[in-house]
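# Reading the structure
Listed below, chain by chain, are the residues.
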Amino acid sequence: MGNERGEMTYQELNGGKKPTWNITLDILSWVFWSNLTVLFNKWILDSTEFRYPILLTTWHLIFATVVTQVLARTTTLLDSRKNIEMNSRLYARTMVPIGLLYSGSLVFGNIVYLYLNISFIQMLKAAGPVVTLLVSWSWGVATPSMEVLINILIITCSVGLAVSGEIQFSLLGIFYQMASLVCDANRLVMMQILLSEDGQKMDPLVTLYYTAPVCAVMNSIIAWNTELRDFHWSVVPNTGYLTLLSNAVVGFMLNVSIFVLVSHLVQRMQ
């Protein structure tokens, strides 16, 4: 009724864009779930018998696949997928590459816990914005700007210094972490392109609905040829069913927070 009288909401006054304070909450949500996931995964891989980073990632993706499939069939949260003309060609062109990059990011990102401590991992992760910015420029989805680069470098260096306490150095660990950052940067740019395409816009849960199965299959193949050979099911009850379930829930919330943040940032740039 208010709009019929000529009144306008905050979002309408800003061209339909999400208020800045809401974007800030999205970022804080992502930071919270990201740090909780890092600490939880590191604790499981270091303090329990479950020293299988690829299998742990696979479990997260299987959980995300099951949850999104159940939500799609029992709720209206993913009904927007019915407006998307998803076919095998479009799926192979968009979802599969994103899924493969996401799988690579998660696998490399979890393996690194076996080589580096939390402080060093967080310090290397601080380079993520710079990697993402450079990848965005290379894809042509962002205009190169020295001012933006300097600002991000300052933030990155500040975060790096803040967590640069005790450092456990491993060249292989650094390689895994940088590989994870590169995969994730390319995935985020592809998501940005996909979320901004006319006629194919997807909300965060729908994007996860389509990408999680690809990641789960890819990770399962990798796990089958690596960790599954030495895996013993006894480590599951020894680690704790509730612990592994809670870990999967935290991983799922991180996935959702990432997709929500990217989706809202894309909306602001349009």
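All values derive from a computational prediction rather than experimental measurement.

Rules and cut-offs
Residues numbered from 1 in each chain as written. Predicted model: local features only at pLDDT ≥ 70, side-chain atom pairs only at ≥ 80, totals over all residues. Heavy atoms only, no water. Helix = DSSP H or I, 4+ residues; strand = E, 2+ residues; numbered from the N terminus. Buried < 20%, exposed > 50% of the residue type's maximum accessible area, 1.4 Å probe, protein only. Contact = heavy atoms within 4.5 Å. Areas by Shrake-Rupley, 256 points an atom, 1.4 Å probe, with all protein chains shown as cover. UniProt positions renumbered as here; feature names shortened; annotations may be inferred. Phe/Tyr/Trp six-rings, centres within 6.5 Å; stacked < 30°, edge-to-face > 60°. Core = buried A, V, L, I, M, F, W, Y, C linked by side-chain atoms within 4.5 Å. Axes fitted to C-alpha atoms, helices over the stretch in contact; angles between N-to-C directions. Left-handed = near helix turned anticlockwise from the far one by under 90°. Nonpolar A, V, L, I, M, F, W, Y, C, P; charged D, E, K, R; others polar. Parallel < 35°, antiparallel > 145°, perpendicular 65-115°, else oblique. Salt bridge = Lys/Arg side-chain N within 4 Å of Asp/Glu carboxyl O.

A separate point is the overall build of the protein. Within the protein, the regular secondary structure consists of 11 helices and zero strands. Along the protein, helices and strands appear, N-terminal first, in the series α-α-α-α-α-α-α-α-α-α-α. Taking all 270 residues of the protein together, the buried fraction comes to 46%. Look at the contacts in the protein between residues 6 or more apart in sequence, and 86% of them connect residues 24 or more apart. A total accessible area of about 14200 Å² is found for the protein, and carbon and sulfur atoms account for 65% of it.

The subject of this paragraph is the UniProt feature "transmembrane region" (unreviewed entry) in the protein. The UniProt entry lists residues 21-40, 52-74, 95-116, 148-168, 174-195, 207-224 and 244-266 under the feature "transmembrane region" (unreviewed entry), expressed in the numbering used here. For residues 52-74, the helix share is 96%, the strand share is 0%, and the end-to-end C-alpha distance is 33 Å. Counted over residues 95-116, helix gives 77% and strand 0%. Its end C-alpha atoms are 31 Å apart.

This paragraph deals with the packing of aromatic side chains. Inspection of the entire model under this criterion finds 13 aromatic pairs. Taken together, a centroid distance of 5.7 Å and an interplanar angle of 90 degrees make the contact between Phe50 and Tyr52 edge-to-face. Taken individually, Phe50 and Tyr52 each receive the classification buried, so the pair is uniform in this respect. Between the aromatic rings of Phe231 and Trp233, the centroid separation amounts to 5.1 Å while the plane-to-plane angle is 80 degrees, which identifies the pairing as edge-to-face.

With 25 residues, the main nonpolar core has Phe50 and Phe231 as its most contacted residues. Of all the secondary structure elements, the ones that give two or more residues to this core are helix H2 (20-47), helix H3 (53-74), helix H4 (88-111), helix H5 (118-125), helix H8 (171-196), helix H10 (235-239) and helix H11 (241-269). For this core, the leading source of residues is H2, giving four residues. One finds Leu78, Ile98, Met190 and Leu208 within the second-largest nonpolar core, a separate group that totals 24 residues.

Assignment of secondary structure puts Val112 in the loop between H4 and H5. C-alpha separation for the pair Val112 and Lys42, spaced 70 residues apart in sequence, amounts to 9.5 Å.

Time to look at the packing of H3 against helix H9 (residues 204-224). One can describe the packing of H3 onto H9 by two numbers: an axis separation of 8 Å at closest approach and a directional angle of 145 degrees. Here H3 runs over H9; the crossing is left-handed. Together, Ile54, Leu55, Thr57, Thr58, Leu61, Ile62, Ala64, Thr65, Thr68, Gln69, Ala72 and Arg73 of H3 and Leu205, Leu208, Tyr209, Ala212, Pro213, Cys215, Ala216, Asn219, Ser220, Ile222 and Ala223 of H9 make up the contact between the two elements. When grouped by side-chain class, the residues that make up the contact of H3 with H9 number 15 nonpolar, seven polar and one charged.

What follows concerns the packing of H4 against H9. With their axes 8 Å apart at the nearest point, H4 and H9 run at an angle of 50 degrees to one another. One finds that H4 runs oblique with respect to H9. Our pair here, H4 against H9, has a crossing hand that is right-handed. Residue-level contacts link Tyr91, Met95, Val96, Ile98, Gly99, Leu100, Tyr102, Ser103 and Val107 of H4 to Tyr210, Thr211, Pro213, Val214, Cys215, Met218, Asn219 and Ile222 of H9. Here the residues of the contact of H4 with H9 are counted per class, giving 13 nonpolar, four polar and no charged.

The next thing to look at is the pattern of salt bridges. Scanning the model with the defined rule gives four salt bridges in all. Between Lys42 and Asp46 there is a salt bridge, with its nearest N and O atoms 3.0 Å apart. One end of the pair, Lys42, and the other, Asp46, are both in helix H2, four residues apart, so they sit about a helical turn from each other. Classification of Asp46 by relative accessible area gives partly exposed; the value is 39%. A salt bridge links Asp184 to Arg187; the shortest N-O distance between them is 2.6 Å. Of the two residues, Asp184 and Arg187 both sit in helix H8, three residues apart, roughly one turn of that helix.

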